[in-house]
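Below are the chains, spelled out letter by letter.
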Amino acid sequence: MRLLNLLKIAMKAIVLNKTRTLLTMLGIIIGVASVITMLAIGEGSKESIRTTISAMGSNMITIRPGADRRGPARGSGGDVQTLTLQNYQVIKDQAPLLSYITPVVNGSGQVISGSNNWPSTIYGVNPEYLTIKAVDLQSGSMFTDAEVQSASKVVLLGQTVVDNIFPDGQEPVGQMIRFNNIPFIVIGVLEEKGENTFGQDQDDVVIAPYTTVQKRILAIDHLNQIMASAISEDDAQDAVTQVTEILRSQHKLTNGAEDDFHVRSMEELISTFSSTSEMLTILLVAVAGISLLIGGIGIMNIMYVSVKERTREIGLRMAVGGKSSDILMQFLIEAILISITGGFLGVILGLGATFFIEKFLHWPTSVALYSIVISFAVCAITGIFFGWYPARKASVLDPITALRYE
């Protein structure tokens, strides 16, 4: 009952000073809204990264030549010739955790159709490539194993290539094109995928049998990379270990010797990007948290003013039997009410800002329940922390001095 009366007194004091209370809440409102919005943007970006990379093939594993040297000093692995068709065949035969695997060779050149031409990249692969990359066909069909064995001059085109060499909307399937003056028959068109996480156009590609690209375009017998797909996302890391052991044995690398190849899974890539996004989110939330700190200082300042203004009231309450604990609770409840109400309004503003960002700016967002819970918890702590000292000061006032205060 005593607590209910104190709550009524605190609410009455807040209502009597509506403008001042609202201005006091402003720091809390902005702080909470900023924290929720920043966390929503951070979570949204992590989900977007995972979705985008998974669209490239969530179980995908890439094997490239050359040691894994990350950082600005890292050289290109394209000139290192440590992957062979024999390596591909042994991995295919001895790695049960892989469901699909393809050799990959690639080179750049001009795609020509009549008077139209377009610079693009040709990838030499086998029929399992589309499954590994999670790419569908818009029209036509994939080349067969028989066409790979015979090094047939057939290709599939990405939508960007189609748009540029067939600008009049002509059906590409069945047409003759040239790549670096070598004639090919178009047997299929890939479904449009757009840009990947790195901003690269995934539709600016030409796909052909790897044997054709090796013999007729690049004149090489090594591989630029090997791509595979683990049997499941959970087995991807074990598959990486399995492939690494097979290749170390194939390349006769002794214990302690550095790998002359590097194997990566999509999960590793997702983890790297997510951790970077998480660091940026923490930084943004820390900056937004400064608003909460400022809001707390504002509450302390206003509570100090309130104590000064109501010194005679405090003296009168204590003179008629009010306890110091009652005075302490009265001002503490007032500070907590201001803080929690500001937090509630901040949550509404934060959700509104998140909706606006996703709807009109088209940024990926995801509001996590924990961000709202944390915001309310911080508001309560802020009210207690910054409201306690002024409330404590009010509770220890001498009643006689307080009654004489002008």
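Described in the following lines is the structure provided in the data block. Please read these numbers as outputs of a predicted model, since none were measured by experiment. Going along each chain's sequence as written, the residues are numbered from 1 onward. For this predicted model, a pLDDT threshold of at least 70 governs which residues receive local features, and a threshold of 80 or more governs which side-chain atom pairs are given and counted, while totals over whole chains, interfaces and linings are taken from all residues. Side-chain calculation: all heavy atoms of the structure are included, whereas hydrogens and water are not.

Here's the deal with the overall build of the protein
Per the secondary structure count, the protein includes 13 helices and 10 strands. Burial here depends on accessible area, computed with a 1.4 Å probe over protein chains only, as a share of the maximum for the residue type. Under 20% is buried, over 50% is exposed, and the range in between is partly exposed. Relative to its full complement of 406 residues, the protein shows a buried share of 44%. Any two residues whose heavy atoms approach within 4.5 Å at even a single point are treated as in contact. Taking contacts inside the protein between residues at least 6 apart in sequence as the whole, the part at least 24 apart equals 78%. On the protein, roughly 20500 Å² of surface is accessible, and the fraction owed to carbon and sulfur atoms is 59%. Secondary structure follows DSSP: runs of H or I at least 4 residues long count as helices, runs of E at least 2 residues long count as strands, and numbering of each begins at the N terminus. Accessible surface is estimated by sampling points in the Shrake-Rupley manner with a 1.4 Å probe; for residues, cover comes only from the protein chains shown.

Notes on the environment of Ile36
Within the secondary structure layout, Ile36 lies in helix α2 (residues 18–55). The spatial distance from the C-alpha of Ile36 to the C-alpha of Ala353 is 9.1 Å, given a sequence separation of 317 residues.

Points about the environment of Leu6
Relative to the elements of secondary structure, Leu6 occurs in helix α1 (residues 2–16). Through-space distance from the C-alpha of Leu6 to that of Ile327 is 8.7 Å; in sequence the pair is 321 residues apart. Setting aside anything within four residues of it in sequence, one finds Leu6 in contact with Asp326, Met329, Gln330 and Ile333.

Topic: a negative patch on the surface
Every patch collects residues that have over 30% relative accessible area and no salt bridge, joining them within 9 Å if they carry like charges and within 5 Å if they are nonpolar side chains (Val, Leu, Ile, Met, Phe, Trp, Tyr). For this analysis, a salt bridge means a side-chain nitrogen from Lys or Arg found within 4 Å of a carboxyl oxygen belonging to Asp or Glu. His residues and chain termini do not enter the charge count, which takes Lys and Arg as positive and Asp and Glu as negative. Note on charges: their place is set at NZ of Lys, CZ of Arg, CG of Asp or CD of Glu. There is a patch of like negative charges on the surface, built from Asp136, Asp163, Glu191, Glu192, Glu195 and Asp201. Its place among the elements puts Glu195 in the loop between β7 (182–190) and β8 (205–209). Using a relative accessible area of 57% as the deciding quantity, one classes Glu195 as exposed.

Thoughts on helix α10 (residues 311–319)
The complete set of buried residues in α10 reads Thr311, Ile314, Gly315 and Met318. Down the axis of α10, the buried set is contained in an arc of 100°. They therefore lie on one face. Phi turns positive, to about 110°, at Gly321, one or two residues after α10. The arc in question is formed by the directions pointing from the helix axis toward the C-beta atoms.

Brief notes about the side chain of Ser371
Residue placement: Ser371 occurs in helix α12 (residues 369–395). In this structure the side chain of Ser371 is engaged in a polar contact, spanning 2.6 Å, whose partner is the backbone oxygen of Ala368. Excluding residues that lie within four positions of it along the chain, Ser371 makes contacts with Ile36 and Leu39. In protein, a polar contact requires one atom able to donate a hydrogen and another able to accept it; more generally it is a pair of N or O atoms within 3.5 Å, and residues adjacent in sequence count only if both atoms are side-chain atoms.

Quick look at the pairing of β7
The buried fraction of β7 amounts to 7 of the 9 residues, a majority that puts the element mostly inside the structure. When DSSP finds two or more bridges between a pair of strands, those strands are recorded as paired. Strand direction decides the pairing type here: strand β5 (residues 154–157) and β7, joined by 4 bridges, are parallel. Paired with Val154 across the strands is Ile185, a residue of β7. Sheet topology places strand β6 (residues 176–179) next to β7; 4 bridges connect them, and they run antiparallel.

Regarding the pattern of salt bridges
All chains considered together, the criterion is met by 1 salt bridge. A salt bridge links Asp259 to Arg248, with the shortest nitrogen-to-oxygen separation between them at 2.3 Å. With Asp259 in the loop between α8 (236–250) and β10 (261–265) and Arg248 in helix α8, the pair connects residues that are 11 residues apart, well separated along the chain.

What about the packing of α10 against helix α11 (residues 324–361)?
Only the stretch in contact is used when fitting a helix axis, every axis being a line fitted to C-alpha atoms; angles between N-to-C directions are given from 0 to 180 degrees. Between α10 and α11, the shortest axis-to-axis distance is 10 Å and the interhelical angle comes to 140°. Taken together, α10 and α11 sit at an angle that is classed as oblique. α10 and α11 meet at a crossing whose hand is right-handed. Packed against α10, whose contacting residues are Glu313, Ile314, Arg317 and Met318, the element α11 presents Ser324, Ile327, Gln330 and Phe331 at the interface. Each residue receives one of three labels: charged for Asp, Glu, Lys and Arg, nonpolar for Ala, Val, Leu, Ile, Met, Phe, Trp, Tyr, Cys and Pro, and polar for the others, Gly being one of them. Each residue belonging to the contact of α10 with α11 can be placed in one class, and the counts come to 4 nonpolar, 2 polar and 2 charged. Oblique is the label for every angle not falling under 35 degrees (roughly parallel), over 145 degrees (roughly antiparallel), or within 65 to 115 degrees (roughly perpendicular). Handedness of a helix crossing follows the sense of rotation of the near helix relative to the far helix, less than a right angle counterclockwise being left-handed and clockwise being right-handed.

Notes on the nonpolar core
By convention a nonpolar core is built from buried Ala, Val, Leu, Ile, Met, Phe, Trp, Tyr and Cys residues, the set being connected through side-chain atoms within 4.5 Å. In this structure, Ile63, Ile91, Leu98, Phe143, Leu157, Ile177 and Ile207 are the most contacted members of the largest nonpolar core, which totals 59 residues. Excluding residues within four positions of it along the chain, Ile63 makes contact with Leu83, Ile91, Gln225, Ile226, Val243, Leu247, His262 and Val263. Within the second largest apolar cluster, 29 residues are counted, among which are Met303, Met318, Ile327 and Val347.

Digging into the side chain of Thr82
Structurally, Thr82 is set in the loop between β1 (60–65) and α3 (85–94). By relative accessible area, which is 18% here, Thr82 ends up buried. In terms of polar contacts, Thr82 uses its side chain to reach the backbone carbonyl oxygen of Asp260, at 2.9 Å. Apart from residues no more than four positions distant in its own chain, Thr82 is found in contact with Pro65, Gly66, Asn87, His251 and Asp260.

A closer look at unusual backbone geometry
With a phi close to 70°, Asn181 is a non-glycine residue in the positive phi region. On the secondary structure map, Asn181 appears in the loop between β6 and β7. Look at Ala219: it is not a glycine, yet its phi comes out positive at around 55°.

What to know about the packing of aromatic side chains
For this analysis, a ring pair means two rings from Phe, Tyr or Trp (six-membered ring only for Trp) whose centres lie within 6.5 Å, classed as stacked if their planes differ by under 30 degrees, edge-to-face if by over 60, and tilted for the remaining angles. Following the criterion strictly, the structure yields 1 aromatic pair and no others. A centroid spacing of 5.1 Å and a plane angle of 40° characterise the contact between Phe356 and Phe360, whose relative ring orientation is tilted. Taken together, the residues Phe356 and Phe360, both in helix α11 and 4 residues apart, mark about one turn of the helix. For Phe356, a relative accessible area of 45% translates into the label partly exposed.

So, α12
To estimate the expected span of a helix, count its residues, drop one, and scale the result by 1.5 Å. In a regular helix each residue adds 1.5 Å, so 27 residues correspond to 39 Å; α12 covers 38 Å between its end C-alpha atoms and thus fits that length. Bend angle per residue: angle between axes fitted to the 7 residues ending at that residue and the 7 residues starting there. Of all the bends found along α12, the most pronounced is centred on Trp388 and spans about 40°, while Pro390, a proline, follows it within four residues. Within the sequence span of α12, burial applies to Ser371, Ile372, Ser375, Cys379, Thr382, Gly383, Phe386, Gly387, Pro390, Ala391, Ala394 and Ser395.

Any functional reading would require information beyond the geometric quantities listed.
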